[in-house]
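Summary of structural features
Given next are the chains, with one letter for each unit.
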Amino acid sequence: MSGRGLFGRIDWLTIFLYAFLVFIGWLNIYSTTLSNPDVSILDFSTLYGKQLFFIGLAFVGIILVLSIESSFFERFASIFYIAAIVLLIGLFLFGKTVAGATSWYDLGFFNFQPSELAKVATALALAKYLSDIQTDIKNRKHQSYALLIILLPAILILPQPDPGSSLIYFSLFFVLFREGFPLYYLGVLVVIVVLFATTLMFGTVWIGIGLGVLIVLIFTFKRKSVKIPILPLIVAIVTSMLFSLSVGFVYDNVFEQRHRNRFALWLRLEKDEKKLEEIRKTIGYNTYQSEKAIESGGFFGKGFLEGTRTKGDFVPEQHSDYIFSSVGEEWGFLGTVAVILIFSVFFLRLIFIAERQKNDFSRMYGYGVISILFIHYFVNIGMVIGLLPTIGIPLPFFSYGGSSLIFFTMLLFIFLKLDSNRLKDGI
Amino acid sequence: MKKLLLSSIIVIIGFTFIGRLSYLQLFRFSPDQILEDPAIKKIYDYPERGYVYDRNGELMVGNQPAYDVMVIPREAKPLDTLEFCKLLKIDKAHFISQMRKARRYSPRLPSVLVPQLSKEDYAGLQEKMRHFEGFYIQKRSLRYYNTNSAANVLGYISEVNEHDLQNNPYYVAGELKGHTGIEKQYEELLRGRKGVKHIQKDRFNRDIGPYKDGKLDTLPEQGKEIHITLDKTLQEYGERLMHGKRGGIVAIEPKSGEILAMISGPTYDPALLVGRERSKNYSKLHYDTISKPTWDRSILAQPSPGSPFKTLNALVALQEGVIDPSTKFRCYNGFYVGSTKRGCHCGGGVRDMNSGIYQSCNAYFAGTFRKIYGKYPTTDEGMDVWEKHMKSFGLGGYLGTDLPTGSPGRIPSKAYYDRAYGDNRWASSFIISNSIGQGEVAATPLQLANMTAAIANRGYFYTPHILKNIGNTGAIDPKFTEPRYTTIDREHFEPVIKGMENVYKYGTGRWVQIPGINIAGKTGTVENFVRIDGERMQLTDHSVFVAFAPIENPKIALAVYIENGYYGSRYAGHIASLLIEKYVKGEITRKDLEKRMLEKTLEHEYAKPYSGEPFKINEYVW
């Protein structure tokens, strides 16, 4: 152990980036929820005042996390996980319903969302299980246990209903892939998504033609020495065609109209311009307004507190899920690109830190943290700028909300705590 | 590979996001212009429109309040429809359809339920209004006319149209703008400048406070008062005299070019185009294509001027030195153009300039005219000189007044005849009619009045104009205070004016003398034709008269043109003399003449060509 204390060993660059994100996040919350400039920013009846309070709580959380022994997290990971699962099940009995989703416990002064806690717990539990000396990632049985750890909370959250939060757990696959989970699973997943989307866009016939062309290309350009396994190829093609054929059926019969509308909008399936515009302004209303707000910002933006669409509350949920649109309107292209860059640097820094861990648990947990934060960032901004369909999840450190801020913070700082100890207890 | 997977995805996604943002914020960037931003509501504060006074400071146009009954459908509570309809003087079906329209427009925003209640209806409604929730009364300002005359001069205001909106960013749909007359010409002075407040609103269209703390807001700028050159009394009197007659009258003050009266018959009460009945009245006027009340004959009609034009030919001949006042021509109850004889009503005999003018001898002026172009080697050159002289009197082209409309009249040039008959296919005989103001020459009553003013001034005129001053400052466009000189020297005017004076003393206008005022005038009787169902028919002659008075110190110069009024002194002459007396003396001494002119109409003349039966023209009977 080096002679330096915690302050010397902790990664200050990450903390700086974190603090910066929280700070500009709060500025934007202030801008979107400001109604009366004469009220003090510490007034807890306002949303920005409350958020300031949550930031204070998060700070307390940081102190708490940093003062706990590193080994505590590894040792109690299973307990956390079980507790989180119990809390998720408990929601079916005691949950409070907010905006149609039974995702909260009413704690009096604020609502507690156990799915946030479950994210931390699952990341810990997964790291714990995979880092166990007994676990072999190449073993099918162990693979399915790992999948179970990931999917159990996702399945419990789905019927709340909160498909957005469920989706988050799938990001933990990145941990698996990092640890040697066969990459072709990812390949299959990508093929399924691509087939699904392209079938919807072009129809099964064109998919068949496309696959035919692909085979011809493969055989034309392959090197003589390479042998193509004929049977698996035929199986793959036939499976793809069958899948493609089933897509239409699933789309028409299993999906509901609201889902179909989202796809119609996202993949521009509706060819009638007028109808598309109508869907855009009804189903896609939020995205339509957020795109308009971002567009109107231009290169330089309208300036802090000067966004007319932000002030006019034109973008629904702007202080929470659509907070990025306020960046777009008030800070312009400069602001949005800066935020993207900061997030990217932040993630890359975390990967760098994860890779320097000597302890497997720390590295795996680190990857869990990055995966979870990244998927939030990806889905949230993708939705706000109109690249992805509407899925309501917050932008880490930015969006208004106590649970998410505090748990994202704890998620991150547990990792920083582990990192600060990397030289001490490397095995 | 496995180590790089997540990093590369992060970088790829980062670039994808930046790409999409460049598309949105750089390529598709459409700045919220303050006018188009859905989040900013503009509330306008309209200043009161400027008042219009006549030359003597008498109010002509002011403003009056009107009351719109407004409804916000969402806030409207069930009500006693029957009583409400009775108060508003509308029927129930209309009420229901208006309510439906309002709701369709917006349940949250106010719509007009019944526009422009009168003061009287408002008084009755006001105290009961509190029973009807969701309805309220909004005050608006409408034009108020303190005269029933001068509709053609004053013009009207109406809602801006597509064209206005495209051409002038100042206007917003639904606003009012002057569309004719001085309301149009002096729109910017009269309307002032509206104030604007920018209000930040939310997506439900609710106000949430001033935009940028009102830094961009402006205060309204009051509309200016203007004084126009009309004499309200003279204008009103002239319009009464025009009752039942078609035609135009223009009176000008020679020493300033100010238009004293500008009358078109038939006309209409300007108040008709204000208030609830506006559109009904407008259609009625607009679709009267026979008497055309909205067509301002005083500046748009361009008939042949007839005999008053002879005075100009006399002046040109004197200027060119081809005759002197004592030069004589013989009248054979007409004159010969080649072998054809054209008639004259002067009684025949030897005519000099004086009697040529006061007896309006056609032969004398045909001879004079021949001498003018005879002076030059070719008719072409003669025509050029003649045209130049005529145009210096403001004929054959726009006068450049401050009226928003007008006609140029016509002084035919050689190019005109070349076009009409072919190059060099016409000769002097083709143009001889111009000598007596028939044929191809044409002039508006305004041009005739102006020409008369130039004679009254002995050689110059001021561009006729309608604006006297703005507010209390006298500043008007300097072009209206610059004299425009004719090409005729001052000394040539006296003999012609002498002739015009004798028109009253001994000549064609001797029936219309005014005791105590020396008048110079000239009658005109203009042949005219109309084409009905493809058949060319001659109608009763137009009666034309130009005059100025007093001769020594002209205060008024005027032209009166009465369609189908027969010979010059019959209608035009009498009306002119009454107007002169009214203006110069302030009262009328010849009550019986006045009574006859006020009562007589020419409706029977105007009905003739439409009767479908053969008719006689130029009947002597009164």
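Computed from a predicted structure; not experimentally measured. (Residues numbered from 1 in each chain as written. Chains lettered and ligands numbered in written order. Predicted model: local features only at pLDDT ≥ 70, side-chain atom pairs only at ≥ 80, totals over all residues.)

1. Some remarks on the overall build of chain A
The secondary structure content of chain A amounts to 19 helices and three strands. Counting across all 427 residues of chain A, residues that qualify as buried make up 41%. (Helix = DSSP H or I, 4+ residues; strand = E, 2+ residues; numbered from the N terminus. Buried ≥ 20, exposed ≤ 12 C-beta atoms within 10 Å, placed from the backbone.)

2. Quick word on the overall build of chain B
Of regular secondary structure, chain B possesses 22 helices and 22 strands. Across the 622 residues that make up chain B, the buried fraction comes to 41%.

3. Considering the sheet that holds strand β2 (residues 101–106) of chain A
All names here are of chain A. In spatial order, the strands read β1-β2-β3; together these three strands make up an open sheet with antiparallel pairing. Edge positions in the sheet fall to β1 (96–98) and β3 (111–112), since each has one partner strand and no second. One ladder, built from three bridges, connects β1 with β2; its direction is antiparallel. Counted as the bridge partner of Thr97 is Thr102 from β2. (Pairing = 2+ DSSP bridges.)

4. Section: the sheet that holds strand β1 (residues 40–45) of chain B
All names here are of chain B. Read across the open sheet, the three strands follow the order β1-β8-β9; overall the sheet is antiparallel. Only two strands of the sheet have a single neighbouring strand rather than two, namely β1 and β9 (207–210). The average undirected angle you get between the axes of adjacent strands in this sheet is 40 degrees. Direction of pairing for β1 relative to strand β8 (residues 195–201): antiparallel, over a ladder of six bridges. Paired with Lys41 across the two strands is Ile199, which belongs to β8. (Axes fitted to C-alpha atoms, helices over the stretch in contact; angles between N-to-C directions.)

5. Topic: the pairing of strand β22 (residues 556–562) of chain B
Residue and element names in this part refer to chain B. Summarising burial for β22: seven of the seven residues are buried, a large majority. Along β22, one buried face is formed by Ile556, Leu558, Val560 and Ile562 and the opposite face, lined by Ala557, Ala559 and Tyr561, is buried too. Sheet analysis places strand β11 (residues 247–253) next to β22, joined by six bridges and oriented antiparallel. Within the sheet, the bridge partner assigned to Ile252 lies in β22 and is Ala557. Both strand β21 (residues 535–549) and β22 contribute to a ladder of seven bridges, which runs antiparallel. Across the sheet, residue Phe545 finds its bridge partner in β22, namely Val560. From the end of β21 to the start of β22, which pair antiparallel, there are six residues.

6. Regarding the confidence of the model for chain B
Averaged over all residues, the pLDDT of chain B equals 88, while 98% of them reach at least 70. This prediction of the complex comes with two scores: 0.66 for pTM and 0.90 for ipTM. (pLDDT = per-residue confidence, 0-100.)

7. A closer look at unusual backbone geometry
The step from Gln160 of chain A to Pro161 of chain A runs through a cis peptide bond, and the omega angle for that step is -5 degrees. In this structure, the amide linkage connecting Gly265 of chain B to the following residue, Pro266 of chain B, adopts the cis form with an omega of -5 degrees. Checked against the element boundaries, Pro266 of chain B lands in the loop between β12 (258–265) and α10 (278–286). Positive phi outside glycine occurs at Ala150 of chain B, with the angle close to 65 degrees. For Ala150 of chain B, the location among the structural elements is in the loop between β5 (135–145) and α5 (151–154). With 28 C-beta atoms counted inside 10 Å, the residue Ala150 of chain B sits in the buried group. Unusually for a residue other than glycine, Asn618 of chain B sits at a positive phi of about 50 degrees. Under the C-beta neighbour-count criterion, Asn618 of chain B is labelled partly exposed, with 13 such atoms within 10 Å.

8. Some points on helix α2 (residues 12–33) of chain A
All names here are of chain A. With 22 residues, α2 ought to run about 32 Å at 1.5 Å a step, and its terminal C-alpha atoms sit 31 Å apart, in line with that. What α2 keeps buried is the set Thr14, Tyr18, Val22, Gly25, Trp26, Asn28, Ile29, Tyr30, Ser31 and Thr32. Contacts made by the buried residues of α2 are with α3 (47–67), α16 (308–311), α17 (323–355) and α19 (402–420). (Expected span 1.5 Å × (residues − 1). Contact = placed C-beta atoms within 7 Å.)

9. Observations regarding the interface of chain A and chain B
Counting residues at the interface gives 34 residues for chain A, matched by 29 residues for chain B. Sorting the residues of the side of chain A that touches chain B by element identifies α9 (173–178), α15 (285–297), α16, α17 and α18 (360–384) of chain A as the ones contributing at least two each. Residue contributions to the side of chain A that touches chain B peak at eleven residues, all from α17 of chain A.

10. Notes on the packing of helix α12 (residues 308–320) of chain B against helix α14 (residues 362–374) of chain B
Residues and elements named next belong to chain B. Their axes nearest at 10 Å, the elements α12 and α14 cross at an angle of 40 degrees. Compared by their axis directions, α12 and α14 come out oblique. Classified by chirality, the crossing of α14 by α12 is left-handed. Only Phe365, Thr368, Phe369, Lys371 and Ile372 of α14 make contact with α12, whose side of the interface consists of Lys310, Asn313, Ala314, Val316, Ala317 and Glu320. Here the contact of α12 with α14 is composed, by residue class, of six nonpolar, two polar and three charged. (Parallel < 35°, antiparallel > 145°, perpendicular 65-115°, else oblique. Left-handed = near helix turned anticlockwise from the far one by under 90°. Nonpolar A, V, L, I, M, F, W, Y, C, P; charged D, E, K, R; others polar.)

11. Here's the deal with the nonpolar core
In this structure, Val250, Ala251, Ala449, Ala547, Leu558, Val560 and Leu579 of chain B are the most contacted members of the largest nonpolar core, which totals 113 residues. Setting aside chain neighbours within four positions, we find Ala251 of chain B in contact with Leu234, Leu260, Ala261, Ala449, Ile556, Leu558 and Leu579 of chain B. In terms of nonpolar packing, the next biggest core, distinct from the first, is built from 100 residues, Leu117, Val315, Tyr367 and Leu405 of chain A among them. (Core = buried A, V, L, I, M, F, W, Y, C linked by C-beta atoms within 7 Å.)

12. Section: the pairing of strand β15 (residues 340–343) of chain B
All names here are of chain B. Across four bridges, strand β14 (residues 334–337) lies against β15 in antiparallel orientation. Pairing of Phe335 across the sheet is with Arg342, part of β15. Hairpin connection between β14 and β15: a loop of two residues separates the two successive antiparallel strands, and Gly338 in this loop has a positive phi of roughly 65 degrees.

13. A word on helix α9 (residues 232–241) of chain B
Residues that lie three or four places apart on an α-helix share one face, since the helix turns once every 3.6 residues. Residue and element names in this part refer to chain B. By the criterion of burial, α9 is predominantly enclosed, with seven of the ten residues buried. When we look at burial in α9, the residues that qualify are Lys232, Leu234, Gln235, Tyr237, Gly238, Glu239 and Leu241. Buried-residue contacts for α9 involve β3 (59–71), β11, β12, α20 (569–585) and α21 (591–599).

14. Side note on the environment of Glu440 of chain B
Residues and elements named next belong to chain B. Mapped onto the secondary structure, Glu440 falls in the loop between α17 (428–431) and α18 (445–456). On the basis of neighbour count, Glu440 is assigned to the partly exposed category, with 16 C-beta atoms found within 10 Å. Linking Glu440 and Tyr417, residues 23 residues apart in sequence, is a C-alpha distance of 9.4 Å. Once residues lying within four places of it in the same chain are set aside, the contact partners of Glu440 are Arg410, Pro412, Tyr416 and Asn434.

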